[in-house]
Amino acid sequence: MEKASRFYLAVLALVVAVIAFVLLRREREPSTAAGPNAPNAANDASASASPALTAVNAATLPRGAIGGRVADETGKPIAGANVCAFASSARLASAETDRPRCATTGADGRYRIEDLPPASYRVTASAARRPPARWRDPIELASGKTRTDVDLVLTGDAVLVRGRVKDIAGGPIAGALVHVGQGGFWDPRASSVTQTNAAGEFEAWAKEGAVHARALADGYTEGSTDGVAPGQVLEIDLTPESVLQGRVVEAGTETPVPDARVIAEPAEGFDFGDGGLDSRSAMTDAEGRFRIRGLEPGRYRTKASALHRWGSASESTLLGLAETSREVVIEVHEALSVTGRVVHDGKPIAGCEVWLAQKGSSASTHARSDDDGQVHLDGLFAGTYRSNVRCENAASEDTYEPITIAKEPVRGVVWKVTTGLSIRGVVLDATRRPIADADLSLHSSNKEDPRARMRWSHATSARDGTFHVRGLTRGPWSLEVRGEGVTPLAEPLEVKVDGDIVNLEVILPAGGRVEGSVVDESGGPVGGLRVGLAGEHRDWFTNGTTTKDDGTFVFTNVRAGDYHAYAQDGARAPGSKDDDVQGAFVSVTPGQTARVKLTVDSRRGEIRGKVTAEDGDVVNDAFVDARRESDSAGAAPGEARRLLGHRWGGTGAVLVDTDGNFTIGKLAPGSYTVCAFRKGGGEAAVENIKIGTSVTITIRREGAVSGTLAVTSGKLPERFTIGANDPKTGVTRREDVFRSTRWALGDLPPGQYTIAAEAAEGRASTTIAIGQGEKKEGVALTLEPHTTVRGRIVALEGGAAVAGMSVFATPNDGNIGSIPIGNDDRRHVTDADGRFELERAPPGKSMILAFSPESGWAPIFFPLTIEAGRATELPPLRAVKARAKGALTGDLGVVTQGWEPRPGMEPGPITVKAVRPGTAAARAGIVAGDVIVSVDGHDVTGDSGYLFAGLTHASPGTKLTLGLERGATVEIVAEKPSAPAPATN
């Protein structure tokens with residue numbers, strides 16, 4: 001059941017990542033509360049806002065500077081070091097934050113970075129043969145202010161990172177700005193900043209190991225890549241930019257709105273209100289005009305905010321390659337605001353981020369407090385909002401009175417934070433040597449109150465291993481340590497915080513090392529391939545690396561234990577099938593080096609072709625992607641097409657040239673589904689394409705659907721989202737609608753679509769078939785109110801209550817933007833009696849997801865149909881105690897089909913589709929066609945099918961008893977994923 005286990009883990013990781021991202025954006029921990037909502041009199045000084053505070057465009061305010069000194073570990077100044085300040089602000093356009101502002105140190109090691117608009121800055125320094133270093137905290141630079149004490153120390157040895165930046169046609173890009181450093185997209189750390197030469201080549205210095213590189217150049221979109229150094233030449237491809245232009249005007253008039261901030265964000269992504277991933281922004285000029293540059297081809301929704309104004313475009317905009325859009329007109333309406341002050345132990349505090357989220361909506365807005373602690377949040381509408389505050393080194397309150405906005409702005413709100421408690425300590429290795437640059441992550445772990453709000457904090461150890469975490473609350477905290485050169489703790493360190501802790505020692509275990517190589521069947525090296533290392537631990541997101549150009553890879557500081565090393569990206573051993581176990585088994589001993597060699601199919605194949613329109617015209621703005629079609633006995637028809645429709649798991653999309661031609665390279669043997677798509681509109685796919693062949697893909701006329709929205713009771717929503725999803729192809733479309741009852745979705749290829757409208761007031765959906773070029777009008781959707789779902793989670797064995805599991809409900813139609821729904825008061829977390837309540841569950845076919853990575857219970861995926869407007873009481877959900885230690889799972893030798901935790905699934909009997917010869921299942925007499933009805937005596941048929949994954953996702957050596965529909969009962973033992981790999985120490 002290796003394939004099923006991998007799928008189970010992949011789905012869990014994806015769902016947990018999405019939920020974590022949503023919740024982190026909503027909560028912005030480590031402290032998630034604000035002070036009492038206590039409006040003051042209108043003439044109170046705290047209710048007035050300074051011009052700097054209320055200015056939407058911070059670039060118009062007086063500039064400041066950051067200065068300091070760069071030295072080595074002995075205090076000797078470093079001349080010629082490059083120091084850069086990276087800006088972050090919701091009041092700056094992308095053009096102000098894309099490129100860092102930099103300065104070079106003089107002979108005395110001193111530097112000064114001028115012309116800095118008010119913002120939050122991350123400051124890094126780099127020099128030859130030294131790893132880059134970062135200033136310990138973000139710097140909140142107020143308008144016109146100067147900091148002169150930002151001193152950085154460069155210590156240790158670095159390796160040279162080499163790479164090249166080129167355009168999609170392969171030509172070099174000179175003068176591109178490149179950032180290279182440790183830490184990826186989610187965790188930017190210290191960076192070396194350099195530029196490409198005339199040949200598009202660059203060099204930078206970084207610590208040995210994993211690196212992340214980003215490149216920017218005028219006229220192109222941003223590009224990035226991950227790799228390892230030394231031993232790999234990094235390649236970054238940049239796409240010619242598209243431009244979205246338009247005007248912002250007062251609603252119902254042609255009156256221009258200057259200094260409005262306009263955001264363009266991908267139409268198929270989640271809506272986070274303030275701009276999500278891949279969003280870009282610009283400011284309007286005196287005539288209300290804007291130009292947003294640096295956009296990839298695709299469909300974008302646009303919104304604008306100005307002082308006491310907010311609005312969005314009536315429809316999304318589709319951009320082709322290097323295309324400048326037609327004029328997009330955004331009408332802004334009168335909006336309300338919230339003004340207040342963040343107070344730290346009674347005194348104003350600067351640099352705190354305050355978030356407001358409207359109840360029942362995923363949209364949010366945020367702002368930072370100024371030097372006087374003041375915060376101004378604009379672009380709000382009538383409703384009830386909850387606040388969250390995040391201050392570096394300060395703790396907020398646990399609870400907060402909601403802010404209700406009616407017809408007038410709310411002023412005089414006071415958000416209280418306190419100094420809180422702190423932990424001082426040191427990170428040491430097993431020999432008690434200090435560990436520098438270790439990342440310490442802490443979260444509260446109140447087992448006595450499962451519904452206590454979780455708080456987060458973090459710190460990075462200094463070069464002497466010391467760290468200082470501030471702003472903690474009283475109670476138990478869980479501490480984990482990660483980073484380059486760090487052997488993770490076997491279990492999180494539990495720390496009881498009753499007061500300030502001054503001498504905590506965090507001693508890391510001794511680790512081992514895994515060295516390996518990946519070669520093809522001819523013995524040639526396979527570079528640039530991801531390799532995973534699954535072990536008996538919970539590091540599902542971190543145990544991966546990339547092979548160097550010579551095919552070698554290294555995992556350092558690996559905890560002792562057994563591991564399964566395997567090639568990712570769909571690579572498999574020559575002559576094998578998807579149902580075969582891939583990779584090799586390896587054991588790690590502290591202080592020793594284990595070696596492993598992986599052999600995979602050669603990746604030298606190509607598929608060439610051309611993309612045309614229905615009338616034969618060339619299409620020169622399409623991306624083309626390919627995915628190998630699975631030969632698994634349990635593969636669902638069209639799975640490759642569905643995954644490409646979601647843009648997941650392809651080889652890496654390439655852009656056609658000016659004549660519509662494309663070449664997809666580095667393909668392993670097999671049959672492929674090839675999909676051409678114009679981002680946001682227009683796509684087609686062809687199946688069963690062999691490598692070495694040529695194919696023509698024709699993008700035909702697409703259809704559209706439009707209609708109106710109504711409600712069963714109450715008033716119409718002020719805003720709603722309308723989406724379309726075809727589960728068979730994975731095609732999705734999405735539009736946001738503001739102050740209108742009419743909606744439209746265009747550029748839909750033929751398919752069977754679920755059309756769904758979502759709003760705070762409820763949800764509506766219907767299924768519609770759309771033919772080629774067909775336009776359907778007059779589709780009426782009626783919002784049905786969300787409903788309450790209550791339930792209880794108990795242990796499968798013994799029936800005891802399971803506390804601390806987070807429970808969410810999400811629509812099962814696969815529409816993008818369907819964010820799992822919980823409760824602000826955390827009733828979605830099971831209490832001591834295992835009970836939970838979801839107050840806004842979506843009507844219709846849905847999925848209940850329950851998980852708790854810290855609890856040791858397997859996640860639950862439970863499909864159900866929720867009746868609109870009627871409270872639903874679920875039967876007890878049974879939780880399985882996790883049977884696998886971390887990500888290392890045993891192999892049972894069977895491939896099953898019938899229950900998979902994915903949108904649109906229809907649970908069915910768990911049927912054995914194939915049995916691999918020589919495995920535990922084969923020896924036990926299981927044959928293809930058998931239906932599994934029980935595992936260890938527990939029924940896994942019908943509504944109990946969700947138990948199957950948790951019961952069979954087990955560590956090697958686990959004995960399982962399977963009941964078969966034909967009446968037989970067999971015993972099998974989960975085996976190691978593969979035979980032990982030869983290892984030398």
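All of these numbers come straight from a predicted model, not from anything done at the bench.

Asks: Lay out the overall build of the chain in plain terms, naming residues and giving numbers.
Replies: Scanning the chain from N- to C-terminus turns up 6 helices and 74 strands. For the chain, the proportion of its 985 residues judged to be buried stands at 53%. Counting only contacts in the chain whose residues sit at least 6 apart along the sequence, the fraction spanning at least 24 positions is 68%. Entry remark: accessible area of the chain is about 40100 Å², with carbon and sulfur atoms responsible for 49%.

Asks: Requested: an account of the sheet that holds strand 32 (residues 403-405), with residues and values cited.
Replies: On the basis of which strands lie adjacent, the open sheet formed by 4 strands has the order 28-27-30-32 and antiparallel pairing. Among the strands making up the open sheet, the edge pair consists of strand 28 (364-368) and strand 32. Taken pair by pair, the neighbouring strands of this sheet meet at an average axis angle of 30 degrees, ignoring direction. In this structure, strand 27 (residues 353-358) lies alongside strand 30 (residues 383-390), joined through 6 bridges in antiparallel fashion. Its bridge partner being in strand 30, Trp 355 is matched across the sheet by Asn 388.

Asks: Now, about the environment of Tyr 563: what can you tell me, with residues and values included?
Replies: Assignment of secondary structure puts Tyr 563 in strand 45 (residues 561-567). The spacing of Tyr 563 and Val 586 is 23 residues in sequence and 5.3 Å in space, taken between C-alpha atoms. Contact partners of Tyr 563, with chain neighbours within four places excluded, come to Leu 533, Ala 534, Gly 535, His 537, Val 558, Ala 584, Phe 585, Val 586, Val 588 and Leu 888. Among the polar contacts made by the side chain of Tyr 563, one reaches the main-chain carbonyl oxygen of Arg 559 at a distance of 2.7 Å.

Asks: Now, about the state of the cysteines: what can you tell me, with residues and values included?
Replies: The tally for this structure, following the rule as stated, stands at 2 disulfides. Here Cys 84 connects covalently by a disulfide to Cys 102, the sulfurs 2.0 Å from one another. Taking the sign of the S-S torsion, about 105 degrees here, the bridge from Cys 84 to Cys 102 comes out right-handed. Taken together, the residues Cys 84 in strand 2 (residues 82-88) and Cys 102 in strand 3 (residues 101-104) connect sequence positions 18 residues apart. Assigning the bonded cysteines of the chain consecutive numbers by sequence position, one obtains the connectivity 1-2, 3-4.

Asks: Outline unusual backbone geometry, listing residues and values.
Replies: Omega for the peptide link from Ala 229 to Pro 230 comes to -5 degrees, which places this bond in the cis form. Note on placement: Pro 230 falls in the loop between strand 15 (223-229) and strand 16 (233-238). In this structure, Arg 432 takes a positive phi of about 70 degrees despite not being glycine. Residue classification places Arg 432 among the partly exposed residues on the basis of a relative accessible area of 45%. Residue Asn 688 is not a glycine yet carries a positive backbone phi of 60 degrees. Topologically, Asn 688 is positioned in strand 53 (residues 683-690). Judged by its relative accessible area of 48%, Asn 688 falls in the partly exposed class.

Asks: Now, about the pairing of strand 55 (residues 703-711): what can you tell me, with residues and values included?
Replies: Of the strand pairs in this sheet, strand 55 and strand 58 (residues 742-748) are connected by 5 bridges, and their pairing is antiparallel. Each bridged residue has a counterpart across the sheet, and for Ser 706 the counterpart in strand 58 is Ala 744. With 7 bridges connecting them, strand 55 and strand 61 (residues 775-783) associate as parallel partners. Counted as the bridge partner of Ala 710 is Thr 782 from strand 61.

Asks: Hey, could you go over the nonpolar core for me, with residue numbers and the actual values?
Replies: Side chains of a nonpolar character, in soluble globular proteins, are inclined to be buried together. Of all hydrophobic cores here, the largest spans 49 residues; its most connected members are Ile 793, Ile 848, Ile 860, Leu 877, Ile 932 and Val 940. Ignoring sequence-local partners within four residues, the contact set of Ile 848 consists of Val 789, Val 807, Phe 808, Ala 809, Leu 838, Ile 860, Phe 861, Phe 862, Leu 864, Leu 874 and Leu 877. Counting 27 residues, the second-largest nonpolar core is a separate cluster that includes Leu 61, Val 83, Ala 87 and Leu 154.

Asks: I'd love a proper account of the environment of Ala 158, names of residues and values included.
Replies: Residue placement: Ala 158 occurs in the loop between strand 9 (152-153) and strand 10 (159-167). For the pair Ala 158 and Trp 205, spaced 47 residues apart in the sequence, the C-alpha separation amounts to 5.8 Å. Beyond its immediate stretch of four places on either side in the chain, Ala 158 contacts Arg 129, Arg 130, Pro 131, Trp 205 and Ala 206.

Asks: An account of the pattern of salt bridges is requested, with residue identities and associated values reported.
Replies: On inspection of all chains with the given rule, the structure shows 55 salt bridges. Residue Glu 241 is joined to Arg 293 by a salt bridge in which the shortest nitrogen-to-oxygen separation is 2.6 Å. One end of the pair, Glu 241, is in the loop between strand 16 and strand 17 (242-250); the other, Arg 293, is in strand 20 (residues 289-295), with 52 residues separating them in the sequence. With relative accessibility at 45%, the residue Arg 293 sits in the partly exposed group. Beyond isolated ion pairs, a larger network of salt bridges with shared partners links Arg 247, Glu 254, Glu 287, Arg 289 and Glu 327.

Asks: Explain the packing of aromatic side chains to me, using residue names and the numbers behind them.
Replies: One pass over the structure, following the stated rule, counts 7 aromatic pairs. Between Phe 623 and Phe 677 the ring centres are 6.2 Å apart and the planes differ by 20 degrees, which places this aromatic pair in the stacked class. Of this pair, Phe 623 sits in strand 49 (residues 623-628) while Phe 677 sits in strand 52 (residues 671-677), and the two are 54 residues apart along the sequence. Ring centres of Phe 808 and Phe 851 lie 6.2 Å apart, and the angle between their planes is 25 degrees; this geometry places the pair in the stacked category.

Asks: Which residues make up the sheet that holds strand 13 (residues 201-206), and what are the values?
Replies: Pairing is mixed in the open sheet, where 3 strands are placed in the order 13-10-16. In this open sheet, the two strands that pair with only one neighbour each are strand 13 and strand 16. Sheet twist, expressed as the average angle between the axes of neighbouring strands with direction ignored, equals 30 degrees. Across 6 bridges, strand 10 lies against strand 13 in antiparallel orientation. Its bridge partner being in strand 13, Val 159 is matched across the sheet by Ala 206.

Asks: Go over the confidence of the model for the chain, please, and point to the residues and values.
Replies: In low-pLDDT regions, the fine details of the predicted coordinates are not to be read closely. The predicted model of the chain has a mean per-residue pLDDT of 85, with 88% of residues at 70 or higher. Of the regions scoring below 50 in pLDDT, residues 17-54 engages in 112 contacts with residues more than four places distant in sequence or in other chains. pLDDT under 50 marks residues 979-985. Its contacts with residues more than four places away, or in other chains, come to 13 contacts.

Asks: Go over the environment of Val 329 with me, naming the residues and quoting the values.
Replies: Counting through the fold element by element, Val 329 comes out in strand 24 (residues 324-334). With relative accessibility at 35%, the residue Val 329 sits in the partly exposed group. Separated by 84 residues in sequence, Val 329 and Gln 245 place their C-alpha atoms 8.9 Å apart. Not counting residues within four places of it along the chain, the set of residues in contact with Val 329 comprises Arg 247, Val 249 and Ala 313.

Asks: Any chance you could break down the side chain of Thr 787 for me, citing the residues and the numbers?
Replies: Mapped onto the secondary structure, Thr 787 falls in strand 62 (residues 787-795). The exposure class of Thr 787 is buried, given its relative accessible area of 3%. Polar contacts involving the side chain of Thr 787 include one to the main-chain carbonyl oxygen of Arg 870, which spans 2.6 Å. Here the side chain of Thr 787 touches Ala 871 through a polar contact of 3.4 Å, landing on its backbone nitrogen. Excluding anything up to four places from it in sequence, Thr 787 contacts Leu 838, Glu 839, Arg 840, Ala 841, Ile 866, Glu 867, Gly 869, Arg 870 and Ala 871.

About the cut-offs
Residues numbered from 1 in each chain as written. Predicted model: local features only at pLDDT ≥ 70, side-chain atom pairs only at ≥ 80, totals over all residues. Heavy atoms only, no water. Helix = DSSP H or I, 4+ residues; strand = E, 2+ residues; numbered from the N terminus. Buried < 20%, exposed > 50% of the residue type's maximum accessible area, 1.4 Å probe, protein only. Contact = heavy atoms within 4.5 Å. Areas by Shrake-Rupley, 256 points an atom, 1.4 Å probe, with all protein chains shown as cover. Pairing = 2+ DSSP bridges. Axes fitted to C-alpha atoms, helices over the stretch in contact; angles between N-to-C directions. Polar contact = N/O pair within 3.5 Å; in protein donor to acceptor, adjacent residues only side chain to side chain. Disulfide = S-S within 2.5 Å. Core = buried A, V, L, I, M, F, W, Y, C linked by side-chain atoms within 4.5 Å. Salt bridge = Lys/Arg side-chain N within 4 Å of Asp/Glu carboxyl O. Phe/Tyr/Trp six-rings, centres within 6.5 Å; stacked < 30°, edge-to-face > 60°. pLDDT = per-residue confidence, 0-100.

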